[in-house]
Each structure stands twice: as C-alpha cells, then as structure tokens.
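Read off the chains here:
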Amino acid sequence: MAAASSSDSDSGRAESSEASSKWLDAHYDPMANIHTFSACLELADLHGDGEYKLVVGDLGPGGQQPRLKVLKGPAVLSESSLPALPAAAATFLMEQHEPRTPALALASGPCVYVYKNLRPYFKFTLPQLPPNPLEQDLWNQAKEDRIDPLTLKEMLEGIREKAEVPLSVQSLRFLQLELSEMEAFVNQHKSKSIRRQTVITTMTTLKKNLADEDAVSCLVLGTENKELLVLDPEAFTVLAKMSLPSVPVFLEVSGQFDVEFRLAAACRNGNIYMLRRDSKRPKYCIELSAQPVGLVRVHKVLVVGSNQDSLHGFTHKGKRLWTVQMPAAILTMNLLEQRSRGLQAVMAGLANGEVRIYRDKALLSVVRTPDAVTSLCFGRYGREDHTLIMTTRGGGLIIKILKRTAVFVEGGGEAGPPPAQAMKLNMPRKTRLYVDQTLREREAGTAMHRTFQADLYLLRLRAARAYVQALESSLSPVSATAREPLKLHAVNTSTARPILGLLVCFLYNEGLYALPRAFFKVPLLVPGLNYPLETFVESLSDKGISDIIKVLVLREGQSAPLLSAHISMPVNEGLAAA
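Residues numbered from 1 in each chain as written. Predicted model: local features only at pLDDT ≥ 70, side-chain atom pairs only at ≥ 80, totals over all residues. Heavy atoms only, no water.

> Run through empty space enclosed by the protein, naming residues and quoting values.
All told, the structure shown has one cavity of 30 Å³ or more when counted by the stated rule. Of the pockets and cavities examined, the largest cavity occupies roughly 30 Å³. Forming the walls of the largest cavity are V298, V301, V303, W322, V346, Y358 and D360. Looking at the lining of the largest cavity residue by residue, the classes come out as six nonpolar, no polar and one charged. (1 Å grid on protein atoms, 1.4 Å probe; cavity = no way out; pocket = protein on both sides within 12 Å on 5 of 7 lines; lining within 4 Å. Points joined across faces, edges and corners; volume = space filled by probe spheres on them. Nonpolar A, V, L, I, M, F, W, Y, C, P; charged D, E, K, R; others polar.)

> Before we move on, could you go through the packing of aromatic side chains and cite the residues and values that matter?
Think of a pair of aromatic rings as described by two things: how far the centres are apart, and how the planes are tilted against each other in angle. Taken as a whole and assessed by the stated rule, the structure comprises five aromatic pairs. Seen in terms of ring centroids, F122 and F236 are 4.7 Å apart; in terms of plane orientation they differ by 15°. Their pairing is stacked. Remark: F236 occurs in the loop between β12 (227–231) and β13 (238–243) and F122 occurs in strand β9 (residues 119–125); sequence separation between them is 114 residues. With a centroid separation of 5.8 Å and 20° between ring planes, the pair formed by F257 and F261 is classed as stacked. In this arrangement the basic side chain of K116 is found over the ring face of Y121, its NZ or CZ atom lying 5.6 Å from the centre. Between the NZ or CZ atom of R277 and the centre of the ring of F257, over which it lies, the distance is 5.9 Å. (Phe/Tyr/Trp six-rings, centres within 6.5 Å; stacked < 30°, edge-to-face > 60°. Helix = DSSP H or I, 4+ residues; strand = E, 2+ residues; numbered from the N terminus. Lys NZ or Arg CZ within 6 Å of the ring centre and 35° of its normal.)

> Before we move on, could you go through a nonpolar patch on the surface and cite the residues and values that matter?
Taken together, the side chains of L500, L524, V526 and L529 present a nonpolar region at the surface, about 350 Å² in accessible area. Residue position: L500 is located in the loop between β29 (486–491) and β30 (502–507). Looking at L500, the relative accessible area reads 62%, which means it is exposed. (Patch = residues over 30% accessible without salt bridge, like charges linked within 9 Å, V, L, I, M, F, W, Y side chains within 5 Å. Areas by Shrake-Rupley, 256 points an atom, 1.4 Å probe, with all protein chains shown as cover. Salt bridge = Lys/Arg side-chain N within 4 Å of Asp/Glu carboxyl O. Buried < 20%, exposed > 50% of the residue type's maximum accessible area, 1.4 Å probe, protein only.)

Okay, structure coming up:
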C-alpha cells in the first residue's frame, strides 16, 4: 500500500510540474464569492479600448439576489442586480458603425437584457404563449364565483396531470398554497388575465452574413417550450423559429445565418438534434446513453460530456468517432482556442479538482486546482491573449496565464495506450467465397495442416541446399573470415583441347578499391578441371558506398575480350557493423 501511494504521489507531482511548466499562476482568491457556470462567463472588450474584461452572471446562492458582475483583473469593476437567475451570457456586435463596441446580452428568465458600455440598452421579452383553454375557463368561473377555491384546485390538478399544454405560473403558484391562503389568492388574481410565459434555458451567437471575428452576430435562444429562436441583432425581431422534441440545454452553432449554418442542440431527453438553415425540425439525431453535461464544437467534431464520466466525439451526422473515460464526474466544459498555433481543444472540469485538456481523445494537459471547478473559460483577459479563468464550487476565483513558449504535446498529461490501439479496422463484408472457404477449412482442417507442414519442411530443405551450394561455389558475398579474397573459377568446357595464353583483368574505381593483383595470367586449362583464381580487394572509402568491379578475360595479342562479368561489391562490413 505504501508503494502504491508513493507511486500515485509521484505521478501527481509529475502532472503538476508538467502543468505548472505551461501555466503561470496569476491570481487565486478562495473568497471571491462567485457562483456561476460556464455559460454565464464571457470575456469581452466592453469599452472598445483593448482591455478585455470578465462578465459573470452570478447565481447569488444562499438567498442572495442574482447579480451581474464585471471584473477587471482580480477586482470587481461594476455590479448590478438581476430580477431572475441568469441562464447564459454572450457578447456580440449589433452593427457595423464605428466605434465597434460589442454589446453584452444576458438571458434571465423570459428576457434578454442587452447592455452597451455597461449601461442598459434594450430588453427583449419572449412572446407570450396561448393559455390552456380549460384553465382559462376555470379562472373565468372563479371570477364569477361559480366554483369555490377547493374545487378550483382539484380541477387544476387534473389538468396538470393530463393536459399537453402546461399550466400558467399563476395556477402553479395557487396549487402550492395552503387551504387557508387559497381564497385570498383567488380574490386577488381572479380579475387578472391568464398569461403563460416561457423562459430561456440557453443562448449563443451566430454570425449573420460574414465569418470574420468582428462581424455582426445574431442571438440564438433555446426556450423551455422546446423552441429555438434566432433574433435580429438590430431590431431584435424573430428571424427564424425551430421546434425540438425536448427542451434544449446546450447549443453549438457554425456558419452564417444568411448563407448556411448548422446548429446542434443537446436536450433534456438525452439526445442531440442537428438543424440546418431551412429546416424547421431536426435533420439528424444523436441518441446518448446518458444525460449530456456539456457540448463543445472542436473544428468539425462535436464533443459531448455525459454524466457517465465520459467524453464522446461525434460527427455532425451522428457518427461516433471516439470515447474517453474520465477519472471523475464532469462538472463543466468549454473550448480552448490558441489561434497563434491553430490549436482547438476541449477543457473538462472534473469533480476531483482536475481540469483536463483534450484534443480529440489525446490528453494534452492536466491542471490541478484546490477545489472542484464549476465554470471555466479561456481567451483574452486584460492584455494577455491566453488566460484561463476558473471558478470553484466554494465561490473561489482562479486565473492562470498560458506561457508564450508553452506547446501542448499529445500524451503530455499522462501515459496511455497509443491512439492506433483504439482505431477500428475496416473489415470487408463476408462474401459467398469466404463462407465456402470457412466450411472447407472446418471440415478438412487436419489434412490442410499436414500439407502445410510438409510444404514448409520441403521449403526449408531447398533453402538449406541452395545456401550450401552458394557457399561451396562462392556465389554469395558472405565472408567466412575477416580477410576473404575475391574468388573466381575457370573451367575449360572443351572436350579434348587444352587452352593456353589467357589473361584476367580487373577494371574498378581506384577511389573506392585497391587490388594488389589487378592483372595476371591464367595457367594452362585442362578440359574438365576447376581452377580457382583469387585476389584480395581493399576498400578505401569510409562513406559506406559500394560499386561494381568489371572482370575481363583476354587472349594474348587480342584487344577484344573473350568474356566479361560484373561483380556487385557489398558495403564494407566494418562500416556496416559500426
């Protein structure tokens, strides 16, 4: 146990040192009192002065009122109260006029509050929904005192259980009251008209007609009544409305509204729906085995975090590309984009106090924090281009700066199996020939094995015989000793006449080789006998190259050779061994 714990601590130190070599600790305040999630964090140049600030939609836990906070460096620059819990925050350009100051949009309840220069600019409210006709009729009867509060409660509970159209907020509040409070509530609200208002669950931005970073963007809203709305950035009218089978909780968009765009919506029913520009309903659907806890688009891959402690990569058509198991539950996710190096990766904050950075399924870095991270974002903050901002479960604020010399390397976080191990092979389909061959092998397996063994032994025997014959006739360049001469064999193929007066000459590159006997006489060749002729070849080059040596057989008094041969010399064995 002691050895195991020491090895775990060593690996933890290695990961911490690896992460600290890339990140600078800029600020840590465990008492910052910031409670939010990643959708309510945004970095933006709110005043157009090049100084990027942090916008936080604070949930205000412990009975506190939700607040909008703007931080400059580690300090709070401004703070204002919100009427309801924030759902998302986003910055976008509303117009092309100078100065190009981005607007801040904060979704809270049924409204989107738009700020320019940190001052209220516009308030967009979701259109009201038609009320349930049965509910409307009941409140009309209560207005005319035809039913008592107890009967009204019983009938409203029956509508809530069976009706497809949900009840209004007024009716839901009435059902939560005690019996003694019902009559006063009915007398107070019976004269008011029934209003059914939905709320915003998620929000993001979509470029309108240009893909530039400073182009005008539209707001995309996901609502509790299973709809997606695209708002005009200037008039704040609804440009497009799309329906979903469930309530959206995470949104990812790409493209431009006026040209072509794709929208991915992760919903509460555990599915991810894909929509395009002209589609009123989803075009593709990705069915997950668990509830999604985060959705990030990395290039053309949708990275989904599930509550089964795993990350999944999907294409826009729903094909699963990879899966990575996490060591703890995923609390939050966001995108890390380093444009100077063309890097896009996904950050995942885990319940064990780690922030893991992945490119596809390769782990790039692990950042350890004193407390579990509940929200994070990466981008330009102040004058620094690459800043990681994290808030913890206890309300702390952590700011880290990525070093300019930092380079993310695959496998830099921890050792693991190579990526090729998880790649699926493209197996061919089973043909009729394959099935017939399989049946044949199953029926005659013993005979086929014996035939294979016999052929294998015969092949080995022939190879051994050919090797021995090559050694005996010196047809192989393999040397038996350290100083092996170049061997030639002269044979007189005539039946009765001997041959006399033959010469052997060697032509070679004098810069590579040296031959002590480059020209010599051949003795009298008697028919039927084998005459070995030898000479030494010395390699002069140390560059590890080889060449050919030409052998010419001449007759005395004649200039034309009788025979010629080329010997391909091997590389110097001493250099090859070195």
